[in-house]
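# Overview (structure and organization)
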Amino acid sequence: MTSQNTAQTITRLLLALWDLGGTHQEVKKGQFTKRIVSKSQKVADYQGIFEELQSQGAIAISKKGYSLTSGKGLEVLGEGLRSGDFKFEGTIVGTWAANALVRWISQIDVAVAGADVLVNGKSAIAKLSKGIVSYDEFKSVALEVYDKLNQNYNLDDLVPIYRIRREIGDRVTRTEFSEWLLEMQEKDILQLQGGSLPDNDPGKLEDSVTTEVSGLRCYAKLLN
(Lines give C-alpha, C1' and ligand atoms only; values in the text may rest on other atoms or scores of the structure.)
Protein backbone atom coordinates (compact mmCIF):
# COMPACT_ATOMS: atom_id res chain seq x y z
CA MET A 1 0.00 0.00 0.00
CA THR A 2 1.49 3.38 -1.04
CA SER A 3 1.81 6.24 1.43
CA GLN A 4 -0.98 8.11 -0.37
CA ASN A 5 -3.30 5.10 -0.19
CA THR A 6 -2.43 4.65 3.47
CA ALA A 7 -3.31 8.28 4.20
CA GLN A 8 -6.65 7.89 2.41
CA THR A 9 -7.38 4.67 4.28
CA ILE A 10 -6.59 6.33 7.61
CA THR A 11 -8.99 9.17 6.83
CA ARG A 12 -11.72 6.75 5.76
CA LEU A 13 -11.29 4.69 8.93
CA LEU A 14 -11.44 7.73 11.19
CA LEU A 15 -14.49 9.08 9.34
CA ALA A 16 -16.28 5.75 9.81
CA LEU A 17 -15.40 5.63 13.50
CA TRP A 18 -16.57 9.23 13.98
CA ASP A 19 -19.81 8.52 12.10
CA LEU A 20 -20.50 5.54 14.38
CA GLY A 21 -20.26 7.76 17.45
CA GLY A 22 -16.71 6.81 18.37
CA THR A 23 -16.00 10.11 20.14
CA HIS A 24 -18.65 9.40 22.79
CA GLN A 25 -18.73 5.63 23.06
CA GLU A 26 -16.72 2.56 22.22
CA VAL A 27 -17.74 1.10 18.87
CA LYS A 28 -17.85 -2.69 18.83
CA LYS A 29 -15.20 -4.32 16.66
CA GLY A 30 -17.71 -6.20 14.53
CA GLN A 31 -19.76 -3.06 13.84
CA PHE A 32 -16.67 -1.06 12.89
CA THR A 33 -14.98 -3.67 10.70
CA LYS A 34 -18.23 -4.38 8.88
CA ARG A 35 -18.26 -0.72 7.87
CA ILE A 36 -14.65 -0.54 6.61
CA VAL A 37 -13.58 -4.00 5.41
CA SER A 38 -14.67 -4.89 1.89
CA LYS A 39 -15.45 -8.42 0.72
CA SER A 40 -12.02 -8.78 -0.88
CA GLN A 41 -10.20 -7.80 2.31
CA LYS A 42 -9.51 -9.11 5.80
CA VAL A 43 -9.41 -7.31 9.13
CA ALA A 44 -5.74 -8.27 9.37
CA ASP A 45 -5.02 -6.03 6.37
CA TYR A 46 -5.76 -3.03 8.58
CA GLN A 47 -3.81 -4.13 11.64
CA GLY A 48 -0.79 -1.96 10.86
CA ILE A 49 -2.97 1.13 10.40
CA PHE A 50 -4.84 0.47 13.66
CA GLU A 51 -1.54 0.23 15.50
CA GLU A 52 -0.24 3.41 13.86
CA LEU A 53 -3.36 5.38 14.82
CA GLN A 54 -3.19 4.04 18.36
CA SER A 55 0.45 5.06 18.69
CA GLN A 56 -0.45 8.56 17.45
CA GLY A 57 -3.13 8.81 20.12
CA ALA A 58 -5.85 9.17 17.48
CA ILE A 59 -7.79 6.08 18.52
CA ALA A 60 -8.05 3.81 21.54
CA ILE A 61 -8.35 0.06 21.15
CA SER A 62 -9.72 -2.41 23.69
CA LYS A 63 -10.62 -6.10 23.51
CA LYS A 64 -14.18 -5.18 22.62
CA GLY A 65 -13.87 -2.23 20.28
CA TYR A 66 -12.49 1.09 19.13
CA SER A 67 -13.00 4.71 20.14
CA LEU A 68 -11.90 8.00 18.57
CA THR A 69 -10.09 10.51 20.77
CA SER A 70 -11.86 13.86 20.65
CA GLY A 71 -8.60 15.79 20.42
CA LYS A 72 -5.93 14.07 18.36
CA GLY A 73 -8.37 11.79 16.53
CA LEU A 74 -10.52 14.65 15.25
CA GLU A 75 -7.43 16.64 14.37
CA VAL A 76 -6.04 13.82 12.20
CA LEU A 77 -9.46 13.28 10.60
CA GLY A 78 -9.86 16.98 9.82
CA GLU A 79 -6.40 17.19 8.27
CA GLY A 80 -7.11 14.11 6.15
CA LEU A 81 -10.41 15.44 4.83
CA ARG A 82 -8.83 18.79 3.98
CA SER A 83 -5.98 17.14 2.11
CA GLY A 84 -6.06 17.78 -1.62
CA ASP A 85 -5.11 14.15 -2.19
CA PHE A 86 -8.05 12.63 -0.34
CA LYS A 87 -10.57 10.75 -2.45
CA PHE A 88 -12.66 7.60 -2.31
CA GLU A 89 -11.42 4.69 -4.38
CA GLY A 90 -13.62 2.93 -6.94
CA THR A 91 -16.71 4.14 -8.76
CA ILE A 92 -19.28 3.71 -5.97
CA VAL A 93 -19.22 5.58 -2.66
CA GLY A 94 -21.16 4.07 0.22
CA THR A 95 -24.19 5.97 1.47
CA TRP A 96 -22.68 6.10 4.94
CA ALA A 97 -19.60 7.92 3.63
CA ALA A 98 -21.59 10.54 1.74
CA ASN A 99 -23.90 11.14 4.70
CA ALA A 100 -20.98 11.29 7.12
CA LEU A 101 -19.24 13.93 5.01
CA VAL A 102 -22.40 16.02 4.80
CA ARG A 103 -22.82 15.79 8.58
CA TRP A 104 -19.16 16.66 9.18
CA ILE A 105 -19.41 19.74 6.96
CA SER A 106 -22.68 20.86 8.57
CA GLN A 107 -21.15 20.70 12.05
CA ILE A 108 -17.72 22.20 11.58
CA ASP A 109 -18.68 25.22 9.44
CA VAL A 110 -15.53 27.28 8.94
CA ALA A 111 -14.20 26.45 12.39
CA VAL A 112 -12.25 23.38 11.38
CA ALA A 113 -9.32 25.27 9.97
CA GLY A 114 -7.32 23.33 12.55
CA ALA A 115 -7.33 22.08 16.08
CA ASP A 116 -5.62 25.26 17.26
CA VAL A 117 -8.31 27.63 15.94
CA LEU A 118 -10.04 29.33 18.85
CA VAL A 119 -13.77 29.93 19.11
CA ASN A 120 -14.79 31.99 22.13
CA GLY A 121 -11.57 30.95 23.84
CA LYS A 122 -12.00 27.25 23.08
CA SER A 123 -10.56 25.20 20.25
CA ALA A 124 -12.79 24.36 17.29
CA ILE A 125 -12.19 20.67 17.93
CA ALA A 126 -13.40 21.07 21.51
CA LYS A 127 -16.50 22.84 20.23
CA LEU A 128 -17.12 20.07 17.71
CA SER A 129 -16.78 17.29 20.27
CA LYS A 130 -18.89 18.86 23.02
CA GLY A 131 -21.51 16.29 23.85
CA ILE A 132 -25.03 16.39 25.26
CA VAL A 133 -24.93 14.72 28.65
CA SER A 134 -28.52 14.76 29.92
CA TYR A 135 -32.11 14.29 28.80
CA ASP A 136 -33.03 17.88 29.71
CA GLU A 137 -30.18 19.25 27.60
CA PHE A 138 -31.17 16.97 24.72
CA LYS A 139 -34.81 18.07 24.96
CA SER A 140 -33.81 21.72 24.73
CA VAL A 141 -31.53 21.13 21.74
CA ALA A 142 -34.01 18.84 19.97
CA LEU A 143 -36.85 21.39 20.27
CA GLU A 144 -34.56 24.14 19.01
CA VAL A 145 -33.54 22.02 16.02
CA TYR A 146 -37.17 21.02 15.39
CA ASP A 147 -38.28 24.67 15.30
CA LYS A 148 -35.40 25.69 13.04
CA LEU A 149 -36.00 22.90 10.51
CA ASN A 150 -39.78 23.37 10.61
CA GLN A 151 -39.54 27.10 9.91
CA ASN A 152 -36.65 27.10 7.44
CA TYR A 153 -38.03 24.32 5.26
CA ASN A 154 -41.80 24.85 5.69
CA LEU A 155 -42.34 21.29 6.94
CA ASP A 156 -45.85 21.95 8.23
CA ASP A 157 -45.02 20.75 11.78
CA LEU A 158 -43.95 17.29 10.53
CA VAL A 159 -40.17 17.16 10.73
CA PRO A 160 -38.24 14.08 9.49
CA ILE A 161 -36.45 12.43 12.41
CA TYR A 162 -33.35 11.77 10.33
CA ARG A 163 -32.91 15.51 9.81
CA ILE A 164 -33.10 16.15 13.56
CA ARG A 165 -30.58 13.37 14.21
CA ARG A 166 -28.15 14.69 11.61
CA GLU A 167 -28.50 18.28 12.76
CA ILE A 168 -27.64 17.30 16.34
CA GLY A 169 -24.98 15.00 14.96
CA ASP A 170 -22.19 13.63 17.06
CA ARG A 171 -23.13 15.61 20.17
CA VAL A 172 -25.14 12.59 21.27
CA THR A 173 -24.80 8.85 20.65
CA ARG A 174 -27.24 7.11 18.33
CA THR A 175 -28.67 5.11 21.22
CA GLU A 176 -29.18 8.14 23.45
CA PHE A 177 -30.79 10.08 20.60
CA SER A 178 -33.38 7.34 20.07
CA GLU A 179 -34.02 6.78 23.79
CA TRP A 180 -34.36 10.46 24.61
CA LEU A 181 -36.56 11.16 21.60
CA LEU A 182 -38.85 8.32 22.69
CA GLU A 183 -38.87 9.78 26.21
CA MET A 184 -40.04 13.09 24.74
CA GLN A 185 -42.91 11.16 23.17
CA GLU A 186 -43.74 9.44 26.47
CA LYS A 187 -43.94 12.88 28.12
CA ASP A 188 -46.29 14.15 25.38
CA ILE A 189 -43.82 16.67 24.01
CA LEU A 190 -43.44 15.09 20.59
CA GLN A 191 -45.45 12.54 18.67
CA LEU A 192 -43.36 10.18 16.55
CA GLN A 193 -45.22 9.11 13.42
CA GLY A 194 -44.74 6.36 10.87
CA GLY A 195 -45.21 6.69 7.16
CA SER A 196 -42.47 6.58 4.57
CA LEU A 197 -39.88 9.02 3.31
CA PRO A 198 -40.22 10.31 -0.27
CA ASP A 199 -37.11 8.51 -1.55
CA ASN A 200 -36.90 5.77 1.11
CA ASP A 201 -33.15 6.30 1.21
CA PRO A 202 -31.62 3.53 3.40
CA GLY A 203 -29.38 6.02 5.20
CA LYS A 204 -32.34 8.26 6.07
CA LEU A 205 -34.40 5.30 7.26
CA GLU A 206 -31.47 4.15 9.40
CA ASP A 207 -31.29 7.63 10.93
CA SER A 208 -34.98 7.49 11.83
CA VAL A 209 -36.20 5.67 14.97
CA THR A 210 -37.35 2.05 15.16
CA THR A 211 -39.06 0.45 18.17
CA GLU A 212 -40.07 -3.16 18.74
CA VAL A 213 -43.66 -2.16 19.44
CA SER A 214 -44.35 0.63 16.95
CA GLY A 215 -41.85 -0.20 14.24
CA LEU A 216 -40.28 2.51 12.08
CA ARG A 217 -41.02 6.14 13.02
CA CYS A 218 -39.93 8.67 10.40
CA TYR A 219 -41.45 11.97 11.53
CA ALA A 220 -41.75 14.05 14.69
CA LYS A 221 -44.68 16.36 15.43
CA LEU A 222 -44.68 18.87 18.25
CA LEU A 223 -47.71 18.51 20.54
CA ASN A 224 -49.42 21.56 22.00
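Residues numbered from 1 in each chain as written. Predicted model: local features only at pLDDT ≥ 70, side-chain atom pairs only at ≥ 80, totals over all residues. Heavy atoms only, no water.

### Concerning the nonpolar core
Soluble globular proteins tend to bury their nonpolar side chains together. Operational definition: In this description, a nonpolar core means a group of buried Ala, Val, Leu, Ile, Met, Phe, Trp, Tyr and Cys residues linked to one another through side-chain atoms lying within 4.5 Å. Residue burial is assigned from relative accessible area. The probe radius is 1.4 Å, only protein chains are included, and a residue is buried under 20% of its type maximum, exposed over 50%, and partly exposed in between. Secondary structure elements follow DSSP: runs of H or I of four or more residues count as helices, runs of E of two or more count as strands, with numbering from the N terminus. Contacts are assigned to residue pairs that have any heavy atoms within 4.5 Å of one another.
One finds Leu14, Phe32, Phe50 and Ile59 to be the most contacted residues of the largest nonpolar core, which totals 29 residues. Looking at this core, the elements that each hand over two or more residues are helix H1 (3-19), helix H2 (29-36), helix H3 (47-56), strand S3 (65-68), helix H4 (72-82) and helix H5 (95-108). Counting residues per element, this core draws most heavily on H1, at seven residues. Once residues lying within four places of it in the same chain are set aside, the contact partners of leucine 14 are Leu53, Ile59, Leu68, Gly73, Val76 and Leu77. Residues Phe138, Val145, Val159 and Leu190 belong to the second largest nonpolar core, which totals 23 residues.

### Focus on the sheet that holds strand S7 (residues 190-193)
Adjacent strands of a sheet form backbone hydrogen bonds with each other and so pair up, either parallel or antiparallel. Filter applied, for reference: The pairing criterion is simple: DSSP has to find at least two bridges between the two strands.
Sheet architecture is open: three strands sit in the order S6-S10-S7, paired in antiparallel fashion. The strands lining the two open edges of the sheet, one partner per strand, are strand S6 (159-160) and S7. Pairing analysis gives four bridges linking S7 to strand S10 (residues 219-222), with the strands arranged antiparallel. Across the sheet, glutamine 193 pairs through a bridge with tyrosine 219, a residue of S10.

### A closer look at the pattern of salt bridges
To keep things clear, this is the line we draw: We count a salt bridge whenever a side-chain nitrogen from Lys or Arg sits within 4 Å of a carboxyl oxygen from Asp or Glu.
Considering all chains together, one arrives at six salt bridges under this definition. We note a salt bridge from glutamate 183 to lysine 187, for which the minimum N-O separation is 3.0 Å. For lysine 187, a relative accessible area of 47% corresponds to the partly exposed category. Through salt bridges with shared partners, a single network forms among Arg166, Arg174 and Asp207.

### Digging into the packing of helix H7 (residues 135-152) against helix H9 (residues 174-186)
Heads up, the rule is: For helices, the fitted axis covers only the stretch in contact; all axes are lines through C-alpha atoms, and the angles between them, taken along N-to-C directions, range from 0 to 180 degrees. In these notes the angle categories are as follows: under 35 degrees is roughly parallel, over 145 is roughly antiparallel, 65 to 115 is roughly perpendicular, and the rest is oblique. Following the grouping adopted for this structure description, the nonpolar residues are Ala, Val, Leu, Ile, Met, Phe, Trp, Tyr, Cys and Pro, the charged ones are Asp, Glu, Lys and Arg, and the polar ones are all others, Gly among them.
Put simply, H7 and H9 touch, their axes get as near as 10 Å, and they point 80° apart. Taken together, the axes of H7 and H9 are roughly perpendicular relative to one another. Contact residues: Tyr135, Phe138, Lys139, Ala142 and Leu143 in H7; Phe177, Trp180, Leu181, Glu183 and Met184 in H9. Tallied by class, residues from the contact of H7 with H9 come to eight nonpolar, no polar and two charged.

### Here we look at the confidence of the model for the chain
Stated formally: Confidence scores here are pLDDT values: one per residue, from the predictor, ranging 0 to 100.
Put simply, the chain has an average pLDDT of 82, and 84% of its residues get 70 or more. The lowest-confidence element of the chain is strand S4 (residues 118-119), averaging 39 in pLDDT; the highest-confidence one is S10, averaging 96. Scored below 50 in pLDDT, residues 109-129 shows 29 contacts in the model against residues more than four places distant or in partner chains.

### A short note on the packing of H7 against helix H8 (residues 161-168)
Rules: A crossing counts as left-handed when the near helix is turned anticlockwise from the far one by less than a right angle, and as right-handed when that turn is clockwise.
Between H7 and H8, the least distance of the axes is 10 Å, while the angle of their chain directions is 120°. With respect to their mutual orientation, H7 and H8 come out oblique. Handedness of the crossing formed by H7 with H8: right-handed. Counting all contacts with H7, which are made through Phe138, Val141, Ala142, Val145, Tyr146, Lys148 and Leu149, the residues of H8 involved are Arg163, Ile164, Glu167 and Ile168.

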